[in-house]
Amino acid sequence: MSFTKGDLLTKTRKLVNGLAKAKPVWLKAMEKAPPAVFPRAEKKVERICLPEDVYINKFYKKHPESLHEDPIKICDFDPTPSRIFGSRVLELKEQGVSEEEAIDVADMEYRLQKKTKKKAYKRLKEIARIRGTKPPPNPYPSAIKEIQAEEKKYVHDRFFNPRILEIVEKLKEQQDAEMQDRGRSIGM
């Protein structure tokens, strides 16, 4: 019999009955009014699988770079390109198109959408150059570039913040002292 199974009440009872623990003050009250016991799942919880998940996996096999380039924003209402791809394949299959053709059409639409986004940003930069203004930030940045933009401040601090530079100097001095101590102990 394992002492790790059960709730707090049964574990405490076992420990008290086995003389491993003194009887706590709250045990009698808890035995009179035990806490609610929630039913446990008999087996593992099944994974939720949507119909388009098969096509989403095929999308990521075909476009592995999309995992890193297309950001997944939890609070965003717009679906990710992979989800759009899967939904589009299902939609085309419902219209009577074969699976391979549906995948090809959805893939072509994804590539076209990606290309038009790049062209639109290129045009925005050209307009900014003509006007002589600073080009706007990319409205379709990759997830990696968004993360790098957020981290840029901290990377800059790492090299130019005086407090951080002091800490680095102290660490270097400690390392030098340790190396000298090691050299002395080896020389003896």
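Since this is a predicted model, take the numbers as computed values, not measurements.

Colleague: What am I meant to see in the side chain of Ser82 here?
Modeller: Relative to the assigned elements, Ser82 resides in helix H5 (residues 81-94). A polar side-chain atom of Ser82 sits 2.9 Å from a polar atom in the side chain of Tyr60.

Colleague: Would you mind going over the packing of helix H3 (residues 53-62) against H5 with me for this structure?
Modeller: Helices that pack against each other are described as a pair by the angle of their axes relative to one another and the distance between those axes. Where H3 contacts H5, the two axes come as close as 8 Å, and the packing angle between them is 125°. Between H3 and H5, the interaxial angle falls into the category oblique. When you trace H3 past H5, the crossing you get is right-handed. Listed contacts from H5 to Asp53, Tyr55, Ile56, Phe59 and Tyr60 of H3 are Pro81, Ser82, Arg83, Phe85, Gly86, Val89, Leu90 and Lys93. For the contact of H3 with H5, a count of residues per class yields eight nonpolar, two polar and three charged.

Colleague: Any chance you could explain the pattern of salt bridges here in plain terms?
Modeller: Two side chains carrying opposite charge are able to pair once their charged atoms lie near each other. Counted according to the given criterion, the structure contains 10 salt bridges. Here Arg13 makes a salt bridge to Glu31, at a shortest N to O gap of 3.2 Å. With Arg13 in helix H1 (residues 8-17) and Glu31 in helix H2 (residues 27-32), this pair connects stretches of sequence that are 18 residues apart. Arg88 is the salt-bridge partner of Glu91, the closest N and O atoms lying 2.7 Å from each other. Of the two residues, Glu91 and Arg88 are both situated in helix H5; the distance of three residues between them amounts to about one turn of the helix. When salt bridges with common partners are traced through the structure, they connect Glu52, Asp53 and Arg83 into a single cluster.

Colleague: So what exactly am I meant to see when it comes to the nonpolar core here?
Modeller: By size, the foremost hydrophobic cluster in this structure holds 11 residues: Tyr55, Ile56, Phe59, Tyr60, Phe85, Val89, Leu92, Ala102, Ile103, Ala106 and Tyr110. Among the elements of the structure, H3, H5 and helix H6 (99-131) are those that each provide at least two residues to this core. Beyond its immediate stretch of four places on either side in the chain, Leu92 contacts Val97, Ala102, Val105 and Ala106.

Colleague: In this structure, what is going on with unusual backbone geometry? I would like to understand it.
Modeller: Most of the time, phi is negative for any residue but glycine, and the peptide bond is trans. One non-glycine residue, Leu19, adopts positive backbone phi at about 60°. Among the secondary structure elements, Leu19 is positioned in the loop between H1 and H2. Judged by relative accessible area, which is 78%, Leu19 ranks as exposed.

Colleague: What am I meant to see in the environment of Lys93 here?
Modeller: Following the sequence through the fold, Lys93 ends up in helix H5. Taking C-alpha positions, Lys93 is 46 Å from Lys134, a pair spaced 41 residues apart along the chain. Every residue in contact with Lys93, bar those within four places of it in the chain, is listed here: Tyr55, Glu99 and Ala102.

Colleague: Would you mind showing me how to read H5 here?
Modeller: Think of an α-helix as 3.6 residues a turn; residues three or four steps apart then line up on the same face. Taking 1.5 Å per residue, 14 residues should reach 20 Å; H5 reaches 20 Å between its end C-alpha atoms and fits that length. Turning to H5, its buried residues number three or more, namely Pro81, Ser82, Phe85, Gly86, Val89 and Leu92. Down the axis of H5, the sector holding all buried residues measures 140°, keeping them to one side. Where the residues of H5 are buried, they touch H3 and H6. Phi for Gly96, located one or two positions after H5, is positive at around 100°.

Colleague: Help me out: how do you make sense of the packing of aromatic side chains in this one?
Modeller: Aromatic ring pairs: the centre-centre distance and the angle between the two ring planes describe each pair. A complete count under the given rule lists three aromatic pairs for this structure. The interplanar angle of 45° and the centroid separation of 5.0 Å between the aromatic rings of Phe59 and Phe85 together place this pair among those described as tilted. Taken together, the residues span a long stretch of sequence, with Phe59 in helix H3 and Phe85 in helix H5 at a distance of 26 residues. For the residue pair Phe59 and Phe85, the accessibility class agrees, reading buried in each case. Aromatic pair Phe59 and Tyr110: ring centres 4.8 Å apart, planes at 85°, arrangement edge-to-face. Of this pair, Phe59 sits in helix H3 while Tyr110 sits in helix H6, and the two are 51 residues apart along the sequence. Like Tyr110, Phe59 is buried. One aromatic cluster is present, built from ring pairs that chain together Phe59, Tyr60, Phe85 and Tyr110.

What counts as what
Residues numbered from 1 in each chain as written. Predicted model: local features only at pLDDT ≥ 70, side-chain atom pairs only at ≥ 80, totals over all residues. Heavy atoms only, no water. Helix = DSSP H or I, 4+ residues; strand = E, 2+ residues; numbered from the N terminus. Polar contact = N/O pair within 3.5 Å; in protein donor to acceptor, adjacent residues only side chain to side chain. Axes fitted to C-alpha atoms, helices over the stretch in contact; angles between N-to-C directions. Parallel < 35°, antiparallel > 145°, perpendicular 65-115°, else oblique. Left-handed = near helix turned anticlockwise from the far one by under 90°. Contact = heavy atoms within 4.5 Å. Nonpolar A, V, L, I, M, F, W, Y, C, P; charged D, E, K, R; others polar. Salt bridge = Lys/Arg side-chain N within 4 Å of Asp/Glu carboxyl O. Core = buried A, V, L, I, M, F, W, Y, C linked by side-chain atoms within 4.5 Å. Buried < 20%, exposed > 50% of the residue type's maximum accessible area, 1.4 Å probe, protein only. Expected span 1.5 Å × (residues − 1). Arc of directions from axis to C-beta. Phe/Tyr/Trp six-rings, centres within 6.5 Å; stacked < 30°, edge-to-face > 60°.

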